[in-house]
Amino acid sequence: MDSGEDITKLLTEIRDTQREHLAEYRRVSQEILGLQNVAVVRQQGAGRVYMRVVVFGGASSWRSSSCFLAYLLTRWSGQLFR
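Residues numbered from 1 in each chain as written. Predicted model: local features only at pLDDT ≥ 70, side-chain atom pairs only at ≥ 80, totals over all residues. Heavy atoms only, no water.

(A) Main features of the overall build of the protein chain. Looking only at helices and strands, the protein chain features one helix and zero strands. For 82 residues, the compact-globule estimate of 2.2 N^0.38 gives 12 Å, and the protein chain exceeds it by more than 25% at 35 Å. In terms of overall dimensions, the protein chain has a C-alpha envelope of 115 × 15 × 10 Å along the principal axes. Out of the 82 residues belonging to the protein chain, those deemed buried represent 1%. For the protein chain, the exposed surface amounts to about 7,700 Å²; the carbon and sulfur share of it is 63%. In the protein chain, the 11 positive side-chain charges and the 8 negative ones have mean positions that sit 39 Å from each other. (Helix = DSSP H or I, 4+ residues; strand = E, 2+ residues; numbered from the N terminus. Rg over C-alpha atoms; globule rule 2.2 N^0.38 Å. Buried < 20%, exposed > 50% of the residue type's maximum accessible area, 1.4 Å probe, protein only. Areas by Shrake-Rupley, 256 points an atom, 1.4 Å probe, with all protein chains shown as cover. Lys, Arg positive; Asp, Glu negative; His and termini not counted. Charge placed at Lys NZ, Arg CZ, Asp CG, Glu CD.)

See the structure below:
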């Protein structure tokens, strides 16, 4: 073989390797994008659950405080408002 054929073969191998790397990069990028989409969906679901817990906890706290205040007012109203 002459040096021209060797160079052509080497450049062809380099090109083919770069194409393989590019294909692998695209595959990995698509996989990462899919995983990110799954993570976003899970975070949105967790956010909805968190919102429900906060609303329920706030409502429960408000109800308990209101009941306790009503109890105190009925129990001590005679002594407080003489």
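(B) Broad picture of the pattern of salt bridges. This model, assessed by the stated rule, comprises three salt bridges. Where E24 meets R27, a salt bridge forms, and the shortest distance between an N and an O atom there is 2.7 Å. Of this pair, E24 and R27 are both found in helix α1 (residues 3–80), three residues apart, which corresponds to roughly one turn of the helix. The class for R27 is partly exposed, based on a relative accessible area of 45%. (Salt bridge = Lys/Arg side-chain N within 4 Å of Asp/Glu carboxyl O.)

(C) Quick peek at the packing of aromatic side chains. In the structure shown here, the tally under the stated rule is zero aromatic pairs. Between R75 and the ring centre of W76, over which it is positioned, the NZ or CZ distance is 5.9 Å. (Phe/Tyr/Trp six-rings, centres within 6.5 Å; stacked < 30°, edge-to-face > 60°. Lys NZ or Arg CZ within 6 Å of the ring centre and 35° of its normal.)

(D) Structural context of the environment of A39. Among the structural elements, A39 can be located in helix α1. Here A39 falls in the partly exposed class, since its relative accessible area comes to 37%. Expressed as a C-alpha distance, the spacing of A39 and E5, which sit 34 residues apart in the sequence, is 51 Å.

(E) Summary view of a nonpolar patch on the surface. The grouping of I7, L10, L11 and I14 at the surface amounts to a nonpolar patch, some 380 Å² of accessible area in total. Residue position: I14 is located in helix α1. Taking the relative accessible area as the measure of exposure, I14 reaches 40% and is therefore partly exposed. (Patch = residues over 30% accessible without salt bridge, like charges linked within 9 Å, V, L, I, M, F, W, Y side chains within 5 Å.)

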